[in-house]
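So you can see what is in the structure, the chains are spelled out below.
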Amino acid sequence: MRIAITSDIHFFPQWADKLQELAELLQLERPDLLVLAGDIGEPLYMFTRGLDNFSSVCEQRAAVAGNHDVWHRTFTYTSDHLWNSLLPEAASAYHYTWLEHQNLVIGDLGICGTIAWYDYGGKHPHLQLDDDFYQSIKPQISNDANYIDWPWTDIEFAQQVAEGFEARLDDLQNNPDVKNIIVVTHVPLFKGCLKPINTVEQGILNAYYANIELGQKVLKRGKVRAVFSGHVHHARQLRIARHADTSALAVYTIPSDYGSPAAIILNTSTWETEIIRVAGD
Ligand SMILES: [Fe+2]
Ligand SMILES: [Fe+2]
């Protein structure tokens, strides 16, 4: 089976041609499944244009939200309304499985996904700064603090989505018909996905780019063969060893950036991957 995974397309008319080009390149790859790993577009009509852009790639499609997708800066709807209703409804209208609500099983392969909110686990451990610090300085670092209006703290929201995700992952892990699982998240789950920490600023910034605790939970589910994540806008590829009787976990980030989208094609017969890129201007 061939699976195309893209992320962080941030649909915008200025780079609509580039996104169309990526959709056409992916269509030529004839994948069996396309997954969008969040940051599809905002406000909502850009999110739907992002979904529509990739509708021609293949019949079977799935998506998760990214942090930008729940921004409410036009003030016509709240982040809560987007998260709970408007985004999943749009995905359904364009025939994408909303992985935050349900798994996909294709043959003996399970696909499980989540936005996987950052829980500050990516922070530099030597900085000795607590969760309240990272929540309070967030407006100076991330527009998530300015454009997301739900009542939950980052830690609360990260826990809330992790609970649902773990339950769905266990459904696949305990399903005798499922041999291998692929996990797709918006926020990465492993420190190796992040930028190296050479400055104090990077040590702080990385707090908003990972949920490390969730990664450790994924590692314990032995059927998970590969994890694909977005959010960081750069390419990383890791192999994480597990028990001798369990295959290593392959971890990838999608190297899309604003106006220069990219995707990864995974072949589940060989577990090899290939990057498809569209160059920016
Ligand atoms: Fe992004
Ligand atoms: Fe993001």
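Below, the structure is looked at part by part. (Residues numbered from 1 in each chain as written. Chains lettered and ligands numbered in written order. Predicted model: local features only at pLDDT ≥ 70, side-chain atom pairs only at ≥ 80, totals over all residues.)

**Quick look at the packing of helix α2 (residues 44-53) against helix α3 (residues 79-93)**
Any two packed helices are characterised by how steeply their axes cross, that is the angle between the axes, and by the distance between the axes.
So, step 1. Between α2 and α3, the shortest axis-to-axis distance is 10 Å and the interhelical angle comes to 35°. For the element pair α2 and α3, the recorded crossing hand is right-handed. Here Leu44, Phe47, Thr48 and Leu51 of α2 lie close against α3, whose contacting residues are Leu82, Leu86, Leu87, Ala90 and Ala91.
So, step 2. Taken together, the residues of the contact of α2 with α3 break down into eight nonpolar, one polar and no charged. (Axes fitted to C-alpha atoms, helices over the stretch in contact; angles between N-to-C directions. Helix = DSSP H or I, 4+ residues; strand = E, 2+ residues; numbered from the N terminus. Left-handed = near helix turned anticlockwise from the far one by under 90°. Contact = placed C-beta atoms within 7 Å. Nonpolar A, V, L, I, M, F, W, Y, C, P; charged D, E, K, R; others polar.)

**Some points on the pairing of strand β12 (residues 272-277)**
So, step 1. Bridging between strand β11 (residues 262-267) and β12 involves six bridges; their strand directions are antiparallel. Pairing of Ile264 across the sheet is with Ile275, part of β12.
So, step 2. Hairpin connection from β11 to β12: four residues lie between these consecutive antiparallel strands, with Trp271 at a positive phi of about 60°. (Pairing = 2+ DSSP bridges.)

**What about the environment of Ile212?**
So, step 1. The topology assignment puts Ile212 in helix α8 (residues 212-220).
So, step 2. Apart from the residues within four sequence positions on either side, Ile212 is in contact with Gly121, Gly122, Leu189 and Lys191.

**Remarks on α8**
So, step 1. Among all positions in α8, only Leu214, Gly215 and Val218 are buried. Burial along α8 is one-sided: seen end-on, the buried residues are contained in an arc of 105°. Turned more than 90 degrees away from the buried face of α8, the exposed residues are Gln216 and Lys220.
So, step 2. Structurally, α8 contributes buried residues whose contacts are with α6 (154-173), β7 (180-185) and β8 (224-229). (Buried ≥ 20, exposed ≤ 12 C-beta atoms within 10 Å, placed from the backbone. Arc of directions from axis to C-beta.)

**Some thoughts on the sheet that holds β12**
So, step 1. In space, the six strands of this open sheet follow the order β4-β3-β2-β1-β11-β12, with mixed pairing throughout. A strand with exactly one partner marks an edge of an open sheet, and here the two such strands are β4 (96-98) and β12. Mean inter-strand twist for the sheet, computed between neighbouring axes without regard to direction, equals 25°.
So, step 2. Two strands pair when backbone bridges link them, and strand β2 (residues 33-37) and strand β3 (residues 61-64) are joined in this way by four bridges, in the parallel orientation. Counted as the bridge partner of Val35 is Ala62 from β3.

**A few points about the pairing of strand β6 (residues 109-114)**
So, step 1. When you tally the buried positions in β6, you get six out of six residues, the bulk of the element.
So, step 2. Across the two faces of β6 the burial is the same, with Leu109, Ile111 and Gly113 and Gly110, Cys112 and Thr114 all buried.
So, step 3. One ladder, built from three bridges, connects strand β5 (residues 104-106) with β6; its direction is antiparallel. Among the inter-strand pairings, Ile106 is bridged to a residue of β6, identified as Leu109.
So, step 4. Here β5 folds back onto β6 in antiparallel fashion, the turn holding two residues, of which Gly107 has a positive phi close to 60°.
So, step 5. As defined by bridge partners, β6 adjoins β7 across six bridges and the pair is classed as parallel. For Leu109, the partnering residue across the bridge sits in β7 and is Asn180.

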